[in-house]
Amino acid sequence: MNTATIACPLIASVVSLSFAAAPTPDQRALDLLQRMTLEEKVGQLVQFSDGMATGPDRVKVDQTALLNKGGIGSLLNAVGAHKTNALQKIAVEKSRLGVPLLFGLDVIHGYRTTFPVPLGLSAAWDPSLIERTARVAAAEAAAGGIRWTFAPMVDIARDPRWGRIMEGSGEDPYLGSALAVAAVRGYQGGIGTANLAQPTSILACAKHFVAYGGAEGGRDYNTVDISERVLRDVYLPPFRAASDAGVVTFMSAFNALNGVPTSANHHTLTGILRNEWKFDGFVVSDWTSVAELIPHGIALDDRTAALKGFASGVDMDMQANLYAAELPGLVRAGKVSEQAVDASVRRILRAKFELGLFENPYVNADAEAAAMLKPEYIALAREAAEQSFVLLKNYAATGDAGGRPVLPLAANARIALIGPLADDAEEMLGGWSCQGKKEDVITLRASLAERFGSAVTYAQGTTITGGSREGFAAALDAAKNADFVIMALGESRHMSGEAASRTRLDLPGNQLDLLKEVDKLGKPIVLVAFSGRPLTLAWEAANIPAILMAWYPGLQAGPALTRVLTGEVSPSGKLTATMPRAVGQVPIYYNHLKTGRPVPGPDDVSKDQGYKFLSRYVDEDGSPLYPFGHGLTYTTFTYGPTKASTKEISVNALRNGATIEIESAVTNTGSRSGTEIAQLYIRQRGTSVARPVRELKGFEKFTLEPGQTRAVKFKLTAAELAFWNIDTQLAVEPCELTVWVAASSITGTPTKVMIHE
Ligand code: NOJ
């Protein structure tokens, strides 16, 4: 049935009624839709990478010809005002209906002002920081005509072999949800779509839908097979939070989920996203993921791939050229209803109207340069980097600094700065650095030299992946003459991100050899580790007194590190992904189930240590090297006992809005001011399905002066206590609830609350 004929009278009445007032973006979309041919409609569902050939055969599509006839709705990777304006001119002035293009780009951790990589940013546990960095990224991108970013990546990652762990917020759904909402607010200018028309707002995109981070073996693009419960409890919440915050777009993923590729997964794309969550934005496929339904093996030809992708709920086809080639024919053959096409087109047009693209399709190229790298953006980049660092360890048992913390650096210290990441500006930008330029970066070497002058000696020592020991001698010389050694070691930025999975998680090349050689000199050392993932630093943790995870800090790497190393700013980040002792422990995550044979811990002495048949390794401790939530600063905090407002409560009371108030007193027991991130954890026992040993359900970041105490308060409601039960229903169940407020996922003094029928 031709829906246009059915829809038209309806549209006409809606439109004529309300056009006297200002028509809404949706009304304008409907009005435009009824004037479009089928080919023009399908054009809106087509996205290409600017000028790039497509498909396994590298077909060169004549994009200009398509633009002229309204055959492209969106382009990605067209960068800069001149470029986007020129392409926009064709769409607006040459095509019959003049529908403007929507330009998309991977603006992941900044556009020109490069912030820390997302895993680093997440370690700040600070939604407002995420929102502010996203806002800056949006303003810079929009100045160049980009009105859509493929961010935030809200994939939960429990496996650091997976290189894309760098692009997300780590392993926890609660924190991941809070940070997802913050990013959406930042890019889109607030909750929902009300501020999209501001010239500094861009569409956000929750990706990759869904469970992409669960790749078997940590190998990118790989199969994911998980239960519906794990999907809903662990992988979906950040997507749900983004949807509820009004994110306008979703991106379907590359992976198969329980046998069904996620770019043809009706259950997730339509059943959950559209029907359960009422998402009314649009879904773009990941890059050629609709065409990849063929190698996945669920389509034998392009036509079937296009049909399956579209019918499952993918509105826009990124780069595969399958919707352009196949959808009109599928509609004419009656395999796809034009009504379904209309629904997808309407969503995309509505977004274009919401962005104000019809009124302002072009950007002012003369204003573009001045919109970048504003002083306040650079200041924010420094603040973000400072907050992203995680101090894993800061205590020397032996040597010159024996028995005391080695950081912060003494003002008059003679410093040896050693390592391949001490002075590599490009590496500091991290993966997905967008328009970030190495010229904008200040390295650790440059900023330490500025601060300490000739008291700093630098030696590269080795390269990131190299095997030559040629540079070791100079490094050892530098270390011999110093009071303190800073080792800037780690991965190359290209070792994490897309298609960058690793089987080893150690320092690459011969960096560990270099570190061991320097360590033999007995000088106090701080290891500043750069990486896009948790690394296995077991030897380092046992031997090096201070370790600071720096991730990839962005363009203010040097100043931020210098300020933290010298104590001008205290470190305050906490891990958002578990650091394993050994790769063989992976996947390792803090919110795991307990098993029937747990290794005895402080709260479980049912089996003695000598008992063999326990869930453990014979050659390695089962615990993490550094747990989720861990991070030190230059002062110390103590936590008082956790107090709950009640000892018991009913399921019904909780359903009707009752809350359990939780409180703990946190005191700064050290001699410096410091910032702490207090974390609320729960455990539920006696439930219909086994629940994790601990789950994060709240966090608060605050600064305390020496001796100062703060009562940290949280509320537990049905929302935090509900989980997907044995009937795959989201419900609160009667249980024994254990609650505690702590400095990390392995500390805290619990209290119990009985939840009864
Ligand atoms: C593929 C990546 O998986 C996705 O994250 C990205 O947004 C697209 N390419 C576009 O560059």
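Residues numbered from 1 in each chain as written. Predicted model: local features only at pLDDT ≥ 70, side-chain atom pairs only at ≥ 80, totals over all residues. Heavy atoms only, no water.

**Concerning the domain arrangement of the protein**
According to the domain assignment, the protein contains domain 1 (3–369), domain 2 (383–565) and domain 3 (635–756). Taking only C-alpha atoms into account, the centre of domain 1 sits 37 Å from that of domain 3. Counting residues at the interface gives 13 residues for domain 1 and 14 residues for domain 3. When domain 1 packs against domain 3, close to 1200 Å² is buried across both sides, 65% of that on carbon and sulfur atoms. Among the residues of domain 1 in contact with domain 3, Trp 125, Tyr 174 and Arg 229 are the three that bury the most area, contributing 56% of the side total. Joining domain 1 to domain 3, the criterion identifies six residue pairs in polar contact (both at pLDDT 80 or more). Residue assignment for the side of domain 1 that touches domain 3 shows that the elements contributing at least two residues are α8 (173–188) and α9 (228–235). The biggest single contributor to the side of domain 1 that touches domain 3 is α9, with four residues. For the side of domain 1 that touches domain 3, the residue count by class is seven nonpolar, no polar and six charged. (Domains from an automatic or database assignment. Contact = heavy atoms within 4.5 Å. Buried area = accessible area lost by both parts, 1.4 Å probe. Polar contact = N/O pair within 3.5 Å; in protein donor to acceptor, adjacent residues only side chain to side chain. Helix = DSSP H or I, 4+ residues; strand = E, 2+ residues; numbered from the N terminus. Nonpolar A, V, L, I, M, F, W, Y, C, P; charged D, E, K, R; others polar.)

**Considerations on the confidence of the model for the protein**
Per-residue confidence for the protein gives a mean pLDDT of 95, with 96% of residues at or over 70. Overall, residues 1–18 carries pLDDT values under 50, and its contacts beyond four positions in sequence, including any with other chains, amount to 15 contacts. (pLDDT = per-residue confidence, 0-100.)

**A closer look at the side chain of Arg 164**
By the secondary structure assignment, Arg 164 is in the loop between β4 (148–149) and α8. Only 2.7 Å separates the side chain of Arg 164 from the side chain of Glu 167, close enough to count as a polar contact. Excluding anything up to four places from it in sequence, Arg 164 contacts Met 153, Lys 207, His 208, Tyr 212, Asp 220, Trp 432, Gly 497 and Glu 498.

**Looking at the pattern of salt bridges**
Oppositely charged side chains can form a pair if their charged atoms are brought close together. According to the stated counting rule, one finds 42 salt bridges in the structure shown. The residue Arg 332 makes a salt bridge to Glu 39 at a minimum N-O spacing of 3.0 Å. Pair noted here: Arg 332 is in helix α14 (residues 322–332) and Glu 39 is in helix α3 (residues 38–44), with a separation of 293 residues, a long-range link. Assessed through its relative accessible area of 40%, Glu 39 is described here as partly exposed. Here Asp 159 ties to Arg 161 by a salt bridge, and the two come within 2.7 Å at their closest N and O atoms. Classification of Asp 159 as buried rests on a relative accessible area of 5%. Where salt bridges share partners, they join Arg 382, Glu 386, Arg 451, Arg 563 and Glu 568 into one cluster. (Salt bridge = Lys/Arg side-chain N within 4 Å of Asp/Glu carboxyl O. Buried < 20%, exposed > 50% of the residue type's maximum accessible area, 1.4 Å probe, protein only.)

**Notes on the packing of helix α17 (residues 375–388) against helix α23 (residues 557–565)**
Each pair of packed helices can be summarised by the angle the axes make with each other and by the distance between the axes. Direction vectors running N to C along α17 and α23 enclose 50°, while the axes themselves pass 8 Å from each other. The pairing of α17 with α23 is recorded here as oblique in orientation. Crossing handedness for the pair α17 and α23: right-handed. Taking contact as the criterion, the partners of Arg 382, Ala 385 and Glu 386 in α17 are, on α23, Pro 559, Ala 560, Arg 563 and Val 564. Split by residue class, the contact of α17 with α23 holds four nonpolar, no polar and three charged. (Axes fitted to C-alpha atoms, helices over the stretch in contact; angles between N-to-C directions. Parallel < 35°, antiparallel > 145°, perpendicular 65-115°, else oblique. Left-handed = near helix turned anticlockwise from the far one by under 90°.)

**Some remarks on the nonpolar core**
Judged by nonpolar contacts, the single largest core of 211 residues is most densely connected at Phe 250, Leu 407, Ile 486 and Met 487. Counting residues per element, this core draws most heavily on helix α7 (residues 127–143), which supplies ten residues. When neighbours within four sequence positions are excluded, Phe 250 is seen to be in contact with Cys 205, Ala 206, Phe 209, Phe 239, Ser 243, Leu 273, Trp 277, Phe 279, Phe 282, Val 283 and Val 284. (Core = buried A, V, L, I, M, F, W, Y, C linked by side-chain atoms within 4.5 Å.)

**Notes on the site of the ligand**
Surrounding the ligand, one finds Leu 76, Asp 106, Phe 150, Arg 164, Lys 207, His 208, Met 251, Phe 254, Asp 286, Trp 287, Met 318 and Glu 498. Asp 106 places a polar side-chain atom, nitrogen or oxygen, 2.4 Å from an oxygen atom of the ligand. The side chain of Arg 164 places a nitrogen or oxygen atom 2.6 Å from an oxygen atom of the ligand. When isolated, the ligand has an accessible area of 300 Å², and the protein chains bury 95% of it. Partitioning the shell around the ligand into residue classes produces six nonpolar, one polar and five charged. (Near = heavy atom within 4 Å. Areas by Shrake-Rupley, 256 points an atom, 1.4 Å probe, with all protein chains shown as cover.)

**Brief notes about the pairing of strand β15 (residues 525–530)**
Across the six residues that make up β15, a large majority, six, are buried. Every second residue of β15 is oriented toward a common face, with Ile 525, Leu 527 and Ala 529 on one face and Val 526, Val 528 and Phe 530 on the other, all of them buried. Judged from the six bridges that link them, strand β14 (residues 484–490) and β15 form a sheet pairing that is parallel. Within β15, the residue paired with Leu 489 across the bridge is Ala 529. The handedness of the β14 to β15 crossover, carried by helix α21 (residues 511–519), is right-handed. Taken together, β15, helix α22 (residues 538–543) and strand β16 (residues 546–549) form a β-α-β motif whose crossover is right-handed. (Pairing = 2+ DSSP bridges. Right-handed = clockwise from strand over helix to strand, strands pointing away.)

**Focus: the sheet that holds β16**
Pairing in this open sheet of six strands is mixed, and the strands run β11-β16-β15-β14-β12-β13 from one edge to the other. Pairing within the sheet leaves two strands with one partner each, and these edge strands are β11 (390–394) and β13 (456–459). The average undirected angle you get between the axes of adjacent strands in this sheet is 15°.

**A few points about unusual backbone geometry**
Note the cis peptide between Phe 209 and Val 210, where omega equals 10°. Summarising the element assignment, Val 210 is placed in the loop between β5 (205–209) and α9. With an omega of 0°, the peptide bond between Val 586 and Pro 587 qualifies as cis. Structurally, the position occupied by Pro 587 is in the loop between α23 and β17 (637–639). Phi angles above zero are rare outside glycine, and Leu 373 is one such case at about 50°. Assessed through its relative accessible area of 21%, Leu 373 is described here as partly exposed.

**Regarding the sheet that holds strand β1 (residues 46–49)**
Within a sheet, adjacent strands bond to each other through the backbone by hydrogen bonds, running parallel or antiparallel. The sheet built from five strands is open, its strands ordered β4-β3-β2-β1-β10 with parallel pairing. What marks the edges here is a single partner per strand, and that holds for β4 and β10 (317–318). Taken together, the three bridges between β1 and strand β2 (residues 74–76) define a ladder with parallel strand orientation. Bridge pairing links Ser 49 to Leu 76 in β2.

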